[in-house]
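# Examination of the molecular architecture
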Amino acid sequence: MNNHVSDWITPAEAASALGISPRTVSRLADKGEIRAIRPGGTQRRYSAADVEAILAREPWEPGK
């Protein structure tokens, strides 16, 4: 698995891109819809590719 820093975004960045709250992003990760890592035990970072894939779905409905 490739873990370049640019491949992972903050909760705020993911939430902003998806138009949802950071807590909802966390729920999506808990359900396995977005990959997440905790570098060094800090707050989660989310896969930018997974966020882009969600946005590519037609239509994207936040929270679904």
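Residues numbered from 1 in each chain as written. Predicted model: local features only at pLDDT ≥ 70, side-chain atom pairs only at ≥ 80, totals over all residues. Heavy atoms only, no water.

Right, let's talk about helix H3 (residues 48–56) for a bit. Among the residues making up H3, those that are buried are Ala48, Asp50, Val51 and Ile54. For H3, the angular spread of buried residues about the axis comes to 165°, placing them on one side. Residues Glu52 and Ala56 are exposed on H3 and point more than 90 degrees away from its buried face. Tucked into the core, H3 has its buried residues touching strand S1 (8–9), helix H1 (11–18) and strand S3 (45–47). (Buried < 20%, exposed > 50% of the residue type's maximum accessible area, 1.4 Å probe, protein only. Helix = DSSP H or I, 4+ residues; strand = E, 2+ residues; numbered from the N terminus. Arc of directions from axis to C-beta. Contact = heavy atoms within 4.5 Å.)

Membership of the largest hydrophobic core comes to 13 residues, with the highest contact counts inside it found for Ile9, Ala14, Leu18, Val25, Ile34, Tyr46 and Val51. Going through the elements one at a time, H1, helix H2 (22–30) and H3 are the ones with two or more residues in this core. (Core = buried A, V, L, I, M, F, W, Y, C linked by side-chain atoms within 4.5 Å.)

Moving on, we get to the confidence of the model for the protein. Mean pLDDT over the protein works out to 87, with 83% of the residues at or above the 70 mark. Taking the mean pLDDT of every element in the protein, the minimum, 93, falls on H3 and the maximum, 97, on S3. (pLDDT = per-residue confidence, 0-100.)

Taken N-terminus to C-terminus, the directions of H1 and H3 make an angle of 10°; their axes are 10 Å apart at the nearest point. Our classification of the angle between H1 and H3 gives roughly parallel. For the pair H1 and H3, the contacting residues are Ala14, Ala17 and Leu18 in the first and Val51, Ile54 and Leu55 in the second. The residue makeup of the contact of H1 with H3, split by class, is six nonpolar, no polar and no charged. (Axes fitted to C-alpha atoms, helices over the stretch in contact; angles between N-to-C directions. Parallel < 35°, antiparallel > 145°, perpendicular 65-115°, else oblique. Nonpolar A, V, L, I, M, F, W, Y, C, P; charged D, E, K, R; others polar.)

Attention shifts here to the packing of H1 against H2. In contact at an axis separation of 8 Å, H1 and H2 are set at 95° when each is read in the N-to-C sense. Classed by the angle they form, the pair H1 and H2 counts as roughly perpendicular. Along the contact surface, H1 presents Pro11, Ala14, Ala15 and Leu18, while H2 presents Pro22, Val25 and Leu28. Across the contact of H1 with H2, the residue classes tally to seven nonpolar, no polar and no charged.

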